[in-house]
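Inside the fold
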Amino acid sequence: MLRYLLKRLWHTVYVVIGISAISFFFIHLSGDPVMLMLPADASMQEVEQLRQKLGFNDPLYVQYGRFVSKAVRGDFGESLYYHVPAMELIVERLPASLELSFTAMLLALLVAVPIGIISAIHRGSALDMGSMLAALFGLSMPHFWLGIMFIMIFSVKLGWLPTSGRGTPAQLIMPSVALALGLMAMFARLTRSVMLEVLSLDYIRTARAKGLREFFVIGKHALKNALIPLVTVAGMQFGLLIGGTVIIETVFAWPGVGRLVVQAIFNRDYPLVQCIVLILALIFVAVNLVVDILYIYLDPRISFLEDK
Amino acid sequence: MPSDAASIYRYSRERLGPSLRLTADTIREVARRRSALWGGIMLCVIFLTSLLFPLFYHVDPLAQDLLARFVPPAWLEGGSMSHPLGTDNLGRDVLARILYGSRISLVVGFSAVLLGELVGIVLGLVSGYYGGKLDSLIMRTADIFMAYPFMLLTISVIAVLGNSMFNLILVLGISDWTIYARTIRGSVLSLKEKEFVEAARAAGTKNLSIITRHIFPNVISPLLVLGTLRVASIIIWESGLSFLGMGVPPPTPSWGRMLADGRMYISDAWWLVTLPGLAIMCTILSINLLGDGLRDALDPRLRNVGN
């Protein structure tokens, strides 16, 4: 178990180093921010002075080294546009994105897992066919289009829900449902196919032959093994979701990091983009690490095989 | 079963050896699934329409007509057959724009997947077949790519390179290579141990030839399944990028941009935000139906990946 954990930790370390390098070099290829920071009639001398002051004249690896050494100390640079520390902006916006992602994820799992299980048990029934057809549609709709349709129907036509913003529970409904439907479809299909696979295994037949009540066979024996792939996918999707709220936040004017990053990219606000990408990637990596640790409990084979 | 290497080799060439198994049998197997058949037919229709529409629909998607702004679709009051799906805020024909936009989505979707597969195939084959340091290097790089938020990666690269169709394909394709490389590497690892590969090696076949003639043909079906399902995701993401203003630059009509433009007029002109979305949905639905069918027919093991 210790070996497994160490291996995962090492994995996390090199991924973080790789990500920070990629985001650093990418962003630095995108043109000169100094030109955007100064008025259009600035002289070459002024431009040169500012470049020197901000360290843009040093070789890239020196700039990267400086970036890393500051980052380790919690200093992610200052936003060129807002003139406040980048980290401050993110800390301010992150709760909104987390709230949205978390609600969407919870909603998706709460609806999809029972549907998947019931569909698998009653394979071929009208309910199974119906929910799988619905899931297929759910997978085929871009979530931002769904969001626009929601606004058109529930805000413009019916006037039931506010079109945008954050603060009241009513404002959370449309963006989170729009975001959740695709995930719901994915999880329902996944749960169903995993359950079908598990239900055909010998130990389930044994459990039934022992005379266990069907409820326990499904809920305890089958679900436990079906959870393993579900946890993997859910973990990965949750990590992606936080970065994936970019468009839905734009549609609903949701004040999260997604909107912040889009604006930062248009403003060529290097340090801010860099910081956001890094933080989101770190969250993704952290979520995956948690999933890997959860595995030890879900699948005892892992620590057994790794230690051998 | 024969025992010496040379005849095992011959035997496996005949019985298990490489053959592009995407033959009439496969097509029949896929078509036997009704939903896959419908998906295939729908996709063919979409393809043909997008290819051939200039033959029977002659309206210019860029032509503005400020006297005919916000004309509703023909079946509504005030609509006319000269604009079957109505016009937008600049009086441009919505049907022409949707038809033209289908080309963008299909070209970007399929080219990006082809590019991603190309990179993924080469790296996956090399990684799986040769193993060792090269394998670790490729797989560690894949890990890093996979942890980098895909959407942010594409957005930030587009911001760097500028938005054009070529850049879009490049970015979406390249950022997708990890999925193919990992799938192929997995298959190669198990194929490598198979008798027919061993036999080929014993018979003195060169590595390159083993990879291209014995291993590669056996990974085509998972690639086809995965690729089909990825086209759907890529098209959705292309429309998302266009929606954010990072897709194919205007005035070229694309579905995502139509949605972004139409959003301003949501209370007056429902068709501007509804119809392009329906076009996306139909395309993705047909691809997903076909992809599901291909998967069930060719490679049931892939059931949990892809989407």
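Conventions and cut-offs
- Residues numbered from 1 in each chain as written.
- Chains lettered and ligands numbered in written order.
- Predicted model: local features only at pLDDT ≥ 70, side-chain atom pairs only at ≥ 80, totals over all residues.
- Helix = DSSP H or I, 4+ residues; strand = E, 2+ residues; numbered from the N terminus.
- Buried ≥ 20, exposed ≤ 12 C-beta atoms within 10 Å, placed from the backbone.
- Contact = placed C-beta atoms within 7 Å.
- Expected span 1.5 Å × (residues − 1).
- pLDDT = per-residue confidence, 0-100.
- Nonpolar A, V, L, I, M, F, W, Y, C, P; charged D, E, K, R; others polar.
- Axes fitted to C-alpha atoms, helices over the stretch in contact; angles between N-to-C directions.
- Left-handed = near helix turned anticlockwise from the far one by under 90°.
- Parallel < 35°, antiparallel > 145°, perpendicular 65-115°, else oblique.

Moving on, we get to the overall build of chain A. Looking only at helices and strands, chain A features 14 helices and 0 strands. In chain A, the succession of helices and strands from N to C terminus is α-α-α-α-α-α-α-α-α-α-α-α-α-α. Within chain A, buried positions represent 36% of all 308 residues. Contacts in chain A between residues far apart in sequence, at least 24 positions, make up 74% of those at least 6 positions apart.

To continue, consider the overall build of chain B. Scanning chain B from N- to C-terminus turns up 12 helices and 0 strands. Listing the helices and strands of chain B from first to last along the sequence gives α-α-α-α-α-α-α-α-α-α-α-α. Long-range pairs, those at least 24 residues apart, make up 73% of the contacts in chain B with a sequence separation of at least 6.

Our focus in this paragraph is helix α12 (residues 270-298) of chain B. Relative to the 42 Å expected for 29 residues at 1.5 Å per residue, α12 of chain B spans 42 Å between its end C-alpha atoms, a close match to the ideal helical length. In terms of burial, α12 of chain B is a largely internal element, 24 of the 29 residues being buried.

Let us look at the confidence of the model for chain A. Counting all residues, the mean pLDDT for chain A is 81, and 92% of those residues have values of 70 or more. At the low end of the mean pLDDT range in chain A sits helix α14 (residues 301-307) of chain A, at 60; at the high end sits helix α5 (residues 86-121) of chain A, at 89.

To continue, consider the interface of chain B and chain A. Counting residues at the interface gives 34 residues for chain B and 43 residues for chain A. Counting only elements with at least two residues in the side of chain B that touches chain A, the list comes to α5 (132-147), α6 (150-161), α10 (207-243) and α12 of chain B. A class-by-class count of the residues in the side of chain B that touches chain A yields 22 nonpolar, 8 polar and 4 charged.

Residue and element names in this part refer to chain B. Across the interface, α6 lies against helix α7 (residues 165-174) with an axial gap of 10 Å and an inter-helix angle of 145°. The element α6 and its partner α7 pack so that their crossing is right-handed. Facing α6, whose interface residues are Thr 154, Val 157, Ile 158 and Leu 161, α7 presents Asn 167, Val 171 and Leu 172. Residues belonging to the contact of α6 with α7 are distributed by class as follows: 5 nonpolar, 2 polar and no charged.

A few words on the packing of α10 of chain B against α12 of chain B. Residues and elements named next belong to chain B. Contact geometry of α10 with α12 gives a least axis separation of 9 Å together with a crossing angle of 165°. Relative to α12, the element α10 lies roughly antiparallel. As for the relative orientation of α10 and α12, their crossing is left-handed in sense. Along the contact surface, α10 presents Ser 221, Leu 224, Val 225, Thr 228, Leu 229, Val 231, Ala 232, Ile 235, Ile 236 and Ser 239, while α12 presents Ile 280, Thr 283, Ile 284, Ile 287, Asn 288, Leu 290, Gly 291, Leu 294, Arg 295 and Leu 298. Of the residues in the contact of α10 with α12, the class split is 13 nonpolar, 6 polar and 1 charged.

What follows concerns the confidence of the model for chain B. Low-pLDDT portions of the prediction should not be read for the details of their coordinates. All names here are of chain B. Residues of chain B with pLDDT of at least 70 account for 89%, and the chain-wide mean is 81. Considering each helix and strand of chain B separately, the mean pLDDT is smallest for helix α1 (residues 5-15), with a value of 48, and largest for helix α4 (residues 94-130), with 91. Every residue in residues 8-21 scores below 50 in pLDDT, and together they form 24 contacts with partners more than four places removed in sequence or on other chains. Counting contacts from residues 303-307, a segment whose pLDDT is below 50, to residues more than four positions away or on other chains yields 11 contacts. For this predicted complex, the interface confidence reaches an ipTM of 0.82, while the overall pTM sits at 0.84.

All names here are of chain A. In this structure, Ala 253 sits in the loop between α11 (246-251) and α12 (257-266). With 13 C-beta atoms packed within 10 Å, Ala 253 lands in the partly exposed category. Between the alpha carbons of Ala 253 and Gly 165 there is a distance of 5.5 Å; along the sequence they are 88 residues apart. When residues no more than four places from it in sequence are discounted, the contact partners of Ala 253 are Ser 164 and Gly 165.

Further remarks concern unusual backbone geometry. In the segment running from Pro 250 of chain B into Pro 251 of chain B, the intervening peptide bond is cis, with an omega of 10°. Secondary-structure assignment places Pro 251 of chain B in the loop between α10 and α11 (255-262). Phi at His 83 of chain A takes a positive value of approximately 55°, unusual for a residue other than glycine. With a phi close to 45°, Ala 253 of chain A is a non-glycine residue in the positive phi region.

Time to look at the environment of Val 225 of chain B. For Val 225 of chain B, the location among the structural elements is in helix α10. Here the alpha-carbon distance between Val 225 of chain B and Arg 295 of chain B, two residues 70 residues apart in the chain, equals 5.4 Å.

This part takes up the environment of Pro 250 of chain B. With respect to the helices, strands and loops of the structure, Pro 250 of chain B is situated in the loop between α10 and α11. Residues Pro 250 of chain B and Ser 164 of chain B lie 86 residues apart in sequence; the distance between their C-alpha atoms is 9.8 Å.

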